[in-house]
Amino acid sequence: DVKVTQSSRYLVKRTGEKVFLECVQDMDHENMFWYRQDPGLGLRLIYFSYDVKMKEKGDIPEGYSVSREKKERFSLILESASTNQTSMYLCASRPIGGAWGSPLHFGNGTRLTVT
Amino acid sequence: AQKVTQAQTEISVVEKEDVTLDCVYETRDTTYYLFWYKQPPSGELVFLIRRNSFDEQNEISGRYSWNFQKSTSSFNFTITASQVVDSAVYFCALSVPNTNAGKSTFGDGTTLTVKP
């Protein structure tokens, strides 16, 4: 089974801090994604990566950046955390080759609170 | 642009009742995939089913069944004889071709509570 692991389940940070959310997958998937989940808003795509060092903005990239230096790891960075970034963050991956038809494999999520 | 609408925010049923979760989608693409995911209280979204735009055949898997109708742009999910373990948030998603990676658009989710 594909395993997508997010390094932290719960995280509490202060406004203005630089925050790193880490995600690792063990199935050699080319595509990786970061979503945030908020009540009543479903899942919204922040950024995705289709290969090492390759990234593309999703629907709500403002205030975020990403890093993909190795195929298995995809990091989400909050350059200066703000309270409106308090949310559940979900990482997902899937293989290339008919990629858009393959289901996403999700991690357990990181619940980030910015105070 | 793509859009997925799950009009039912919350549904509550008593165990053994049948329940249908609605999903309506919008896309101009003629080729696309539709998905259902389940998110139990533990938080991890789990893939349930996938359908491509050329396959309108309905599917049954145990107590779960799915009805895909292109004429109404709907992809509804029915749980027969619901159980407490079915309590979760259910998401419908749409995926269309993208230059570099398929982007999935999710609905807002339907929270299903099954009471004993």
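(A) Local environment of the nonpolar core. By size, the foremost hydrophobic cluster in this structure holds 24 residues, and its most contacted members are B:Trp36, B:Phe75, B:Phe77, B:Tyr90 and B:Leu112. Broken down by secondary-structure element, the contributors of at least two residues to this core are β2 (10-14), β3 (19-21), β5 (33-39), β8 (64-69), β9 (74-79), β10 (88-96) and β12 (110-115) of chain B. Residues in contact with B:Tyr90, not counting those within four places in the same chain, are B:Gln6, B:Leu21, B:Trp36, B:Tyr37, B:Lys38, B:Leu48, B:Tyr64, B:Phe77, B:Ile79, B:Gly109, B:Thr110 and B:Leu112. Residues A:Leu21, A:Ala81, A:Cys91 and A:Leu112 belong to the second largest nonpolar core, which totals 20 residues.

(B) A look at the sheet that holds strand β1 (residues 4-6) of chain A. Residue and element names in this part refer to chain A. Taken together, the four strands give an open sheet; going across it, the order is β1-β3-β8-β7, and neighbouring strands pair in antiparallel fashion. Two strands bound the open sheet, and with one partner strand each, they are β1 and β7 (64-70). Ignoring which end each strand starts from, the neighbouring axes of this sheet average 20 degrees apart.

(C) Structural context of the layout of surface pockets. Put simply, the largest pocket is a space of about 460 Å³. Taken together, 27 residues make up the lining of the largest pocket; nearest its centre are A:Gln37, A:Pro39, B:Gln39, B:Val89 and B:Phe91. At the level of elements, β4 (31-38) and β9 (87-94) of chain A together with β10 and β12 of chain B are the ones that each hand at least two residues to the lining of the largest pocket. The element contributing the most residues to the lining of the largest pocket is β10(B), with three residues. Looking at the lining of the largest pocket residue by residue, the classes come out as nine nonpolar, 13 polar and five charged. Estimates place the volume of the second largest pocket at around 170 Å³. Contributing to the lining of the second largest pocket are 15 residues, with A:Leu41, B:Val4, B:Thr105, B:Phe106 and B:Asp108 lying nearest its centre.

What counts and how
Residues numbered from 1 in each chain as written. Chains lettered and ligands numbered in written order. Predicted model: local features only at pLDDT ≥ 70, side-chain atom pairs only at ≥ 80, totals over all residues. Heavy atoms only, no water. Core = buried A, V, L, I, M, F, W, Y, C linked by side-chain atoms within 4.5 Å. Buried < 20%, exposed > 50% of the residue type's maximum accessible area, 1.4 Å probe, protein only. Helix = DSSP H or I, 4+ residues; strand = E, 2+ residues; numbered from the N terminus. Contact = heavy atoms within 4.5 Å. Pairing = 2+ DSSP bridges. Axes fitted to C-alpha atoms, helices over the stretch in contact; angles between N-to-C directions. 1 Å grid on protein atoms, 1.4 Å probe; cavity = no way out; pocket = protein on both sides within 12 Å on 5 of 7 lines; lining within 4 Å. Points joined across faces, edges and corners; volume = space filled by probe spheres on them. Nonpolar A, V, L, I, M, F, W, Y, C, P; charged D, E, K, R; others polar.

Shape is all these values report; function is a separate question.
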